[in-house]
Amino acid sequence: MSEPRQDVADARKQVEAEGRAETAVNAETAETTKTAVKRSVIHRAIGGLSQPGPWKRGRWLAAPALLLGLLLLLHAQIPNRSGNIGSLVETALPWFGVFIPVLLAGALWRRSASAVVALLLPVVTWVSLFGGLLIDKSHAGGDLTVVSHNVDADNPDPAGTARDLAASGADLLALEEITAQAKPMYEKELAKAYPYHSVQGTVGLWSKLPLSDIRPVDIAQDVGPLGDSKPADVKAVDNRALRATVATDHGPLAVYVAHLGSVRVNPRGGFWTESRNRNVEALAKAVAAEQNERVALLGDMNGTTDDRALDGITSQLHSAQDAAGNGFGFTWPAKFPMVRIDQILTRGVEPRSSWVLPATGSDHRPVAARVSW
């Protein structure tokens with residue numbers, strides 16, 4: 001009987017040994033788990049401390065946002081000494097606003113509070129500069145409708161352009177870039193609607209009302225020895241500005257039609273504006289000498305009213321689009337207008353509405369305005 005008892009004792013000892021071993025394993029496992037949890041907590045704490053907060057994230061987005069805001073705010077301080085950079089920036093100034101939603105999307109994606117706050121500067125500045133243009137300021141009524149159009153020397157269908165313009169119902173119609181070949185077609189197509197007209201060089205004015213005191217305006221197109229050597233009849237062919245008096249029921253209106261010099265952008269010279277700026281100065285003097293208190297300037301200025309180079313004119317006359325338009329009123333290029341270089345500027349009359357007409361065969365779109373006394 002002693003052997004079975006011994007077996008039972010041995011089995012009991014084995015079970016107890018296994019239990020102790022299992023307990024030891026469980027204790028070791030628990031200690032390992034506890035250690036792992038501690039390490040995980042420590043790692044998360046360290047990670048949380050090292051992870052940048054919303055004010056530190058996206059600082060690389062905050063910097064360009066601030067630079068954009070400063071550019072919009074201080075654009076007038078950008079010098080023109082080298083390549084007319086200031087004028088170039090001001091010509092494209094509204095389009096800098098397209099960077100705002102791009103930067104905003106990046107700030108939201110990065111959840112960067114600093115970038116969002118930095119964007120307030122360009123947003124507020126852009127809205128203060130251009131927000132008013134997004135409001136429809138047009139009003140019903142008006143006494144006179146005026147239209148201006150650079151018809152394009154390379155227009156493939158001048159007759160069709162003339163018919164489109166006559167259908168606009170304009171009382172006064174100013175055309176720029178009229179070629180000698182196209183002139184007879186414009187005169188023929190517009191004769192029925194406009195009994196009065198004058199063409200001086202490459203610019204013309206057609207009117208339903210009587211015209212008087214018509215004369216070319218010298219805008220310093222030809223300068224230097226080469227210009228001085230040109231005979232008067234040769235200069236007249238290339239004349240790019242005129243002045244006329246329109247007899248209205250409310251009194252005389254002095255009308256100027258002008259096509260200022262072209263501008264060019266090239267990598268070496270930057271924004272070339274020499275002839276345009278010279279024309280602006282000469283035309284500004286002519287307008288300043290004008291005795292009539294009611295004046296309208298219609299034409300292709302080859303510049304926006306934001307461009308400081310036009311200050312000599314825009315300080316005397318005011319944009320009909322700014323006063324009574326809806327939107328930016330871009331006119332060039334006709335297929336996808338990006339800038340407004342065709343202007344209707346006035347003083348002494350009140351613009352009631354201003355708009356852009358549909359494209360013709362020209363690379364510019366016509367502009368129209370209705371004014372009242």
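Residues numbered from 1 in each chain as written. Predicted model: local features only at pLDDT ≥ 70, side-chain atom pairs only at ≥ 80, totals over all residues. Heavy atoms only, no water.

*Asks:* Before we go on, may I ask you to explain unusual backbone geometry in this structure?
*Replies:* Trans peptide bonds make up the majority, and among non-glycine residues the majority have a negative phi. Of the consecutive residues Trp332 and Pro333, the connecting peptide bond is found in the cis state with omega at -10°. One non-glycine residue, Ala220, lies in the positive phi region at around 55°. The residue Ala220 is located in the loop between β5 (211-216) and α9 (224-228) in this model. For Ala220, a relative accessible area of 18% translates into the label buried. (Helix = DSSP H or I, 4+ residues; strand = E, 2+ residues; numbered from the N terminus. Buried < 20%, exposed > 50% of the residue type's maximum accessible area, 1.4 Å probe, protein only.)

*Asks:* In this structure, what is going on with the pattern of salt bridges? I would like to understand it.
*Replies:* Following the criterion strictly, the structure yields 8 salt bridges and no others. Between Arg308 and Glu90 there is a salt bridge, and its shortest N-O distance comes to 3.0 Å. Residue Arg308 is located in the loop between β10 (295-300) and α12 (311-314), and its partner Glu90 is located in helix α3 (residues 85-91); the two are separated by 218 residues in the primary sequence. A residue is classified by how much of its surface remains accessible, and Arg308, at 22% relative accessible area, is partly exposed. Arg276 is paired through a salt bridge with Asp307; the nearest N and O atoms lie 3.0 Å apart. Within this pair, whereas Arg276 is found in helix α11 (residues 274-288), its partner Asp307 is found in the loop between β10 and α12, the two being separated by 31 residues in sequence. The buried category is assigned to Arg276, whose relative accessible area is 0%. The network of salt bridges with shared partners includes Asp213, Arg215, Arg243 and Glu290. (Salt bridge = Lys/Arg side-chain N within 4 Å of Asp/Glu carboxyl O.)

*Asks:* Can you walk me through the packing of aromatic side chains in this structure?
*Replies:* Geometrically, a pair of aromatic rings is defined through the distance of the ring centres and the angle of the planes. Counted by the stated rule, this structure contains 6 aromatic pairs. Between Trp126 and Phe130, the aromatic rings sit 5.6 Å apart at their centres with planes inclined by 55°, giving tilted as the arrangement. Taken as a pair, Trp126 and Phe130 lie in helix α6 (residues 120-130) at a separation of 4 residues, close to a single helical turn. Neither Trp126 nor Phe130 differs from the other in exposure class; each is buried. Geometrically, the ring pair formed by Phe328 and Phe330 is stacked, given 5.1 Å between the ring centres and 15° between the ring planes. (Phe/Tyr/Trp six-rings, centres within 6.5 Å; stacked < 30°, edge-to-face > 60°.)

*Asks:* Looking at this model, I keep getting lost on the sheet that holds strand β4 (residues 203-207). Mind explaining?
*Replies:* Across a sheet, paired strands are connected by hydrogen bonds in the backbone, their directions being either parallel or antiparallel. Pairing in this open sheet of 6 strands is mixed, and the strands run β3-β4-β2-β1-β14-β13 from one edge to the other. Edge positions in the sheet fall to β3 (196-200) and β13 (350-356), since each of these pairs with one other strand and no more. Strand-to-strand twist in this sheet, taken as the mean axis angle between neighbours without regard to direction, amounts to 15°. Two strands pair when backbone bridges link them, and β13 and strand β14 (residues 367-372) are joined in this way by 6 bridges, in the antiparallel orientation. (Pairing = 2+ DSSP bridges. Axes fitted to C-alpha atoms, helices over the stretch in contact; angles between N-to-C directions.)

*Asks:* I'm lost on α11 in this one. Help?
*Replies:* Owing to its 3.6 residues per turn, the α-helix brings residues three or four apart onto one side. In a regular helix each residue adds 1.5 Å, so 15 residues correspond to 21 Å; α11 covers 21 Å between its end C-alpha atoms and thus fits that length. Residues of α11 that are buried: Ser275, Arg276, Asn279, Val280, Ala282, Leu283, Ala284 and Val287. Tucked inside the fold, the buried residues of α11 contact β7 (251-259), β9 (270-272), β10, α12 and β12 (342-347). (Expected span 1.5 Å × (residues − 1). Contact = heavy atoms within 4.5 Å.)

*Asks:* Please explain the packing of helix α7 (residues 158-166) against helix α8 (residues 183-190) as it appears in this structure.
*Replies:* One way to put it is that α7 packs onto α8 with a least axis distance of 9 Å and a crossing angle of 35°. The two elements α7 and α8 meet at a crossing, and its hand is right-handed. Here α7 contributes Pro158, Ala159, Ala162, Arg163 and Ala166 to the contact with α8, which in turn contributes Met185, Tyr186, Glu189 and Leu190. For the contact of α7 with α8, the class distribution of residues is 7 nonpolar, no polar and 2 charged. (Left-handed = near helix turned anticlockwise from the far one by under 90°. Nonpolar A, V, L, I, M, F, W, Y, C, P; charged D, E, K, R; others polar.)

*Asks:* Honestly, the layout of surface pockets in this entry has me stumped. Any pointers?
*Replies:* Gaps between atoms show up when a probe of the same size as a water molecule is rolled over them. Computed from the structure, the largest pocket encloses a volume of approximately 440 Å³. Considering the residues around the largest pocket, the lining is formed by 24 residues, among which Val263, Asn302, Trp332, Val339 and Ile341 are closest to the centre. (1 Å grid on protein atoms, 1.4 Å probe; cavity = no way out; pocket = protein on both sides within 12 Å on 5 of 7 lines; lining within 4 Å. Points joined across faces, edges and corners; volume = space filled by probe spheres on them.)

*Asks:* Please explain the environment of Gly131 as it appears in this structure.
*Replies:* Following the sequence through the fold, Gly131 ends up in the loop between α6 and β1 (144-150). The exposure class assigned to Gly131 is buried, which follows from its relative accessible area of 16%.

*Asks:* Which parts of the structure should I look at to understand the environment of Pro267?
*Replies:* Mapped onto the elements of the fold, Pro267 is located in the loop between β8 (264-266) and β9. Given a relative accessible area of 88%, Pro267 falls into the exposed group. As for Pro267 and Gly83, which are separated by 184 residues in sequence, their C-alpha atoms are 9.4 Å apart.

*Asks:* Would you explain the sheet that holds strand β6 (residues 241-248) in this entry?
*Replies:* The strand order across the open sheet formed by 6 strands is β5-β6-β7-β10-β12-β11, and the pairing between neighbours is mixed. The open sheet has two edge strands, β5 and β11 (318-319), and neither has a second partner. Looking at chain direction, β10 and β12 are connected through 6 bridges and run antiparallel. Across the sheet, residue Gly299 finds its bridge partner in β12, namely Gln343.

*Asks:* Help me out: how do you make sense of the nonpolar core in this one?
*Replies:* What tends to happen in soluble globular proteins is that the nonpolar side chains get buried as a cluster. Core analysis: the largest hydrophobic core is formed by 21 residues, its most contacted members being Leu205 and Val255. Among the elements of the structure, β1, β2 (172-176), β4, β6, β7, β10 and β14 are those that each provide at least two residues to this core. When neighbours within four sequence positions are excluded, Val255 is seen to be in contact with Leu172, Leu205, Leu242, Arg243, Ala244, Val246, Ala296 and Leu298. Ala220, Val287, Ile313 and Leu345 belong to the second-largest nonpolar core, a separate cluster that totals 20 residues. (Core = buried A, V, L, I, M, F, W, Y, C linked by side-chain atoms within 4.5 Å.)

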